[in-house]
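Structural characterization, general
In case you want the letters, here they are:
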Amino acid sequence: MDRLGSKPRLATIWLGGCSGCHMSFLDLDERLIDLAGRVELVASPISDYKDFPHADITLVEGAVANEEHLTHVREVRKKTRILISFGDCAITGNVTALRNAFRVDDVLNRAYRETAAVVVGIPSGNHVVPKLLPRVRPVHEVVHVDYYLPGCPPPADAIWQLVLELLDGQQPAGDVRRFG
Amino acid sequence: MSVKTLQIDGKMITGSDGDSIFTVAWEHGIHIPRLCHIGGISDVGACRLCLVEVEGQRRLQASCLTPVQEGMVVHTDTERLRAQRKLIVELLMAERNHVCAVCVANGACELQDLAMRLGVDHVRVRYRFPSLPVDLTHERFGMDHNRCILCTRCVRVCDEVEGAHTWDVAGRGAGCRVITDMGQPWGQSDTCTSCGKCVQVCPTGALFSKGKTVAEMEKDRGFLKYIVTAREKGQWIG
């Protein structure tokens, strides 16, 4: 496998998910300090960027649920050497994809008309909030994925193991964690 | 009882005439994966996970339905079998809505465990995301068709051990479902004795006790051995 540079560029992005995978990433606790010394964190859900920067490793949390997710993950793929599908929503669609058994219009009507106390319209594709895709899709259905890290969320130890293996230039051992 | 000598994964093994390759392998510590087999009730070869290679036969054989024969040479864990089993689990995952994170059986599910054991870290086929019902009409139990893999353990335990035959299978292909009685809601079944054996043998979260939430449904299969031992040997021992 390719050697990464002396200070590899790490990024994380957040598509259609609950951010629980990112919370699990923060559960690396004191290991975050070690990680900060070893990588340059070039993008995360709380960093501000117009164009996604080039990255060596990107962790992708969440499923592809709307048009913005789709364009974003395609751009990220172009600018990332190693892309990791991070958690069950990215890998299976998971809870985000529960709506796939229904039509998008029915789902939006249910949430924003039938059950709303005050009906102000449907926030989808109104040039402010991106339009929902007809079907929520796992990340590997739309771009090539290099590694998978299952779990809802993936345990911090599993994240640490995979990231370290990649930073050390090792072929990941492929210890598969449970879905869910 | 006559004895058959055969080779499984390079080991010389003896089994009783009439025993399946699966049973004999397990007795000798060779744990062939399975989802539809459960000790104490008949085998049907529904899940195809126990497929093995038998030398001299081109097609893979369901080991739970293939009796041991003298001189047989069997392989249970080859590259080809691992690839087949992995694909079978992926097809099961894609066929219905197995959302492990919000399942009553999360952490105690045979499908979830097997996926991990076989190295399934993603599903290569497209998920179908079918729209399926959940039957909550029974007073004590629920049936979630989203999580059913059609192993028919419920059908067999209800028929063969409880003797009620409440469960059966209706429809074909993607429309296949387990049903209670003639397809009426479970709560209206005339034959169900509410014994709960179906719930306990179900490998996934498809059948569950009401009131259980995510990751709370653990199954207890001890009763099956107890009843079968009593029936076969006349001894009430667990």
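Cut-offs applied
- Residues numbered from 1 in each chain as written.
- Chains lettered and ligands numbered in written order.
- Predicted model: local features only at pLDDT ≥ 70, side-chain atom pairs only at ≥ 80, totals over all residues.
- Helix = DSSP H or I, 4+ residues; strand = E, 2+ residues; numbered from the N terminus.
- Rg over C-alpha atoms; globule rule 2.2 N^0.38 Å.
- Buried ≥ 20, exposed ≤ 12 C-beta atoms within 10 Å, placed from the backbone.
- Contact = placed C-beta atoms within 7 Å.
- Domains from an automatic or database assignment.
- Nonpolar A, V, L, I, M, F, W, Y, C, P; charged D, E, K, R; others polar.
- Expected span 1.5 Å × (residues − 1).
- Arc of directions from axis to C-beta.
- Pairing = 2+ DSSP bridges.

Focus on the overall build of chain B
Looking only at helices and strands, chain B features 6 helices and 10 strands. The globule rule puts the C-alpha radius of gyration for 238 residues at 18 Å, and the 19 Å found for chain B is close to it. When its C-alpha atoms are laid out on the principal axes, chain B stretches across 55 × 50 × 30 Å. Residue burial in chain B is summarised as follows: out of 238 residues, 37% are buried. Of all intrachain contacts in chain B linking residues separated by at least 6 positions in sequence, the fraction that spans at least 24 positions is 61%.

Here's the deal with the domain arrangement of chain B
Residue and element names in this part refer to chain B. We note that the domain assignment places domain 1 (3-77) and domain 2 (83-233) within chain B. Computed from C-alpha atoms alone, the centre-to-centre distance between domain 1 and domain 2 is 24 Å. With 15 residues of domain 1 in contact, the opposing surface of domain 2 contributes 20 residues. In the side of domain 1 that touches domain 2, the residues fall into 11 nonpolar, 3 polar and 1 charged.

Some words on helix α6 (residues 156-167) of chain A
Structurally, the α-helix is built with 3.6 residues per turn, so residues lying three or four positions apart point the same way. All names here are of chain A. Taking 1.5 Å of rise per residue, 12 residues should cover 16 Å, and α6 covers 16 Å from first to last C-alpha, within 8% of that figure. Looking at α6, one finds that the buried residues are Ile-159, Leu-162, Val-163 and Leu-166. On an axial view of α6, the arc spanned by its buried residues comes to 95 degrees, and they lie on one face. Downstream of α6 by one or two residues, Gly-169 has phi in the positive range, about 75 degrees.

Some thoughts on the sheet that holds strand β2 (residues 11-16) of chain B
Spatially, the 5 strands line up as an open sheet ordered β2-β1-β5-β3-β4 (chain B), and their pairing is mixed. Only two strands of the sheet have a single neighbouring strand rather than two, namely β2 and β4 (61-62) of chain B.

What about the sheet that holds strand β6 (residues 134-135) of chain B?
Ordered in space as β6-β7-β10 (chain B), the 3 strands form an open sheet in which the pairing is antiparallel. If you trace the sheet from one side to the other, it starts and ends with β6 and β10 (207-209) of chain B, each paired once.

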